[in-house]
Amino acid sequence: MNEIISVVVPFYNEEENITKLAAAITEVMEAENYKYEVIMVNDGSTDSTWKKMIELNRSNPHFIGINFAGNYGQSSAIAAGIDHASGEYIITLDGDLQNDPKDIPMMLNKLIDEDWDVVAGERENRQDKAFSRKLPSKFANFLIRKSTGVKMKDYGCTLRVFRKDIAKNLGLYGELHRFIPVLAILQGATMVQVPVKHHPRIYGKSKYGINRTFKVMSDLLLMVFFQKYMQKPMHIFGTLGIFTFSIGALINIYLVILKILGQDIWGKPLLMLGVLLTLGGIQLITIGIMAEMQMRTYYESQRKTPYRIKKILKGE
Ligand code: UDP
Ligand code: MG
């Protein structure tokens, strides 16, 4: 193959894993005779991960190191790696040896031969704790599948192969790396899943636990909003607002009639409801208008990176 392959890996305190992973990636890349680069992003590690990156870059110029000014999170680390990738094909995987670089050639071949935009891994035998990790993840997978309509078994596997233009336009903010398949589909990408190997984490600790449940659910809401209303926020806020306002207005008119007929309306719960609904309706409509303006700014202004890089290590 003539095109360059970029492998992007985020690292946060992975000092025991990084050198072993680098060796495993090199082995595959050399065996397949790929033209390659490995973009390692140090996401503010407090251990010797960055030192190991410097050593790797010195011994093999295919290894490019990006050092973040702080811990910006896995999504930003992946985004930075993708932004700096020069390859035609971009591969992402975890830095903790849970994914196996040996799966890369199979995935890449599938992408090229069958002309997919994204080939995503699906962990066949997920090697994580059953109760705190696998169970919530199963539930999350179910929710994501149902609400976004992007039919995948495993959204959490980070081993993925992308075509360059899809990867570069994902719009990865916050902790949206979990929704990369949805983000890719939002761009009209074609995607397929293949079973991949998954190993238990031997060194270091997982950076996540059960506490991310509510964050994932909020992100899911955001994704559903993006999917349906990203470019027309007024349709949801306006519709809701007009509906709420109308009901409130009807209630208020009814109360005014009662008042004219001489009844005492003060102290009726209905009065409270009527006032709340009209005000709420007006607010929803205004939020819709604001969101429309924001959305236009978002699309029309220059895209800025959500991270700050201190230094980039590049090979000759
Ligand atoms: N990671 C990162 N920044 C963070 C948290 C994690 O770059 O703030 C990296 C981490 O080093 C690993 C990958 O993201 O390479 C996946 O993290 P982890 O293995 O903790 O997630 P899990 O596999 O448990 O879901
Ligand atoms: Mg892991």
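(A) Spatial organisation of a nonpolar patch on the surface. A cluster of nonpolar residues, F245, V275, L279 and I282, forms a patch on the protein surface that exposes about 340 Å² of accessible area. Sort the elements by how many residues they give to the nonpolar patch and helix α10 (residues 269-300) lands first, with 3 residues. Relative to the assigned elements, V275 resides in helix α10. The class of V275 is partly exposed, set by a relative accessible area of 39%.

(B) Layout of the site of ligand 1. Taken together, 18 residues lie around ligand 1, and E14, D43, D96, S206 and K207 are the ones closest in. Measuring from an oxygen atom of ligand 1, one finds a side-chain N or O atom of Q98 at 3.2 Å. S206 places a polar side-chain atom, nitrogen or oxygen, 2.6 Å from an oxygen atom of ligand 1. Protein chains shield 94% of the accessible area of ligand 1, which is 530 Å² for the free molecule.

(C) Molecular detail of helix α2 (residues 49-59). If you check which residues of α2 are buried, you get T49, W50, M53, L56 and N57. One side of α2 carries all its buried residues, which in axial view fall inside an arc of 115°. In this structure, α2 carries K51, R58 and S59 as exposed residues pointing more than 90 degrees from its buried face.

(D) The arrangement of the pairing of strand β3 (residues 63-68) in detail. In terms of burial, β3 is largely enclosed, as 6 of its 6 residues are buried. Of the strand pairs in this sheet, strand β2 (residues 35-42) and β3 are connected by 5 bridges, and their pairing is parallel. By the bridge assignment, V41 is partnered in β3 with I66. Between the parallel pair β2 and β3, the chain is carried across by α2, and the sense of this crossover is right-handed.

(E) A look at unusual backbone geometry. Phi is positive for N33, close to 60°, though the residue is something other than glycine. Positionally, N33 belongs in the loop between α1 (18-31) and β2. Here N33 falls in the exposed class, since its relative accessible area comes to 64%. Within the chain, L97 stands out as a residue other than glycine whose phi angle is a positive 70°. Assignment of secondary structure puts L97 in the loop between β4 (89-92) and α4 (104-113).

(F) How the structure looks around the coordination of the magnesium ion (ligand 2). Every protein donor of the magnesium ion (ligand 2) is accounted for by D96 (OD) and Q98 (OE1), and the metal-donor separations fall at 1.9 to 2.0 Å. We classify D96 as buried; its relative accessible area is 4%. Taking relative accessible area as the criterion, Q98 reaches 8% and is therefore assigned buried.

(G) Local environment of the packing of helix α5 (residues 130-148) against helix α8 (residues 213-229). Interaxial distance between α5 and α8 falls to 10 Å at its minimum, and their mutual angle equals 15°. Taken together, α5 and α8 sit at an angle that is classed as roughly parallel. Helix-helix and strand crossings are classified by hand; for α5 and α8 the assignment is right-handed. In this structure, α5 contributes A140, L143, I144, S147 and T148 to the contact, and α8 contributes V216, M217, L220, V224 and Q227. The class makeup of the residues in the contact of α5 with α8 is 7 nonpolar, 3 polar and no charged.

Rules used in this analysis
- Residues numbered from 1 in each chain as written.
- Chains lettered and ligands numbered in written order.
- Predicted model: local features only at pLDDT ≥ 70, side-chain atom pairs only at ≥ 80, totals over all residues.
- Heavy atoms only, no water.
- Patch = residues over 30% accessible without salt bridge, like charges linked within 9 Å, V, L, I, M, F, W, Y side chains within 5 Å.
- Areas by Shrake-Rupley, 256 points an atom, 1.4 Å probe, with all protein chains shown as cover.
- Salt bridge = Lys/Arg side-chain N within 4 Å of Asp/Glu carboxyl O.
- Helix = DSSP H or I, 4+ residues; strand = E, 2+ residues; numbered from the N terminus.
- Buried < 20%, exposed > 50% of the residue type's maximum accessible area, 1.4 Å probe, protein only.
- Near = heavy atom within 4 Å.
- Polar contact = N/O pair within 3.5 Å; in protein donor to acceptor, adjacent residues only side chain to side chain.
- Arc of directions from axis to C-beta.
- Pairing = 2+ DSSP bridges.
- Right-handed = clockwise from strand over helix to strand, strands pointing away.
- Donors = N, O, S within 2.8 Å, 3.2 Å for Na, K, Ca; no water.
- Axes fitted to C-alpha atoms, helices over the stretch in contact; angles between N-to-C directions.
- Parallel < 35°, antiparallel > 145°, perpendicular 65-115°, else oblique.
- Left-handed = near helix turned anticlockwise from the far one by under 90°.
- Contact = heavy atoms within 4.5 Å.
- Nonpolar A, V, L, I, M, F, W, Y, C, P; charged D, E, K, R; others polar.

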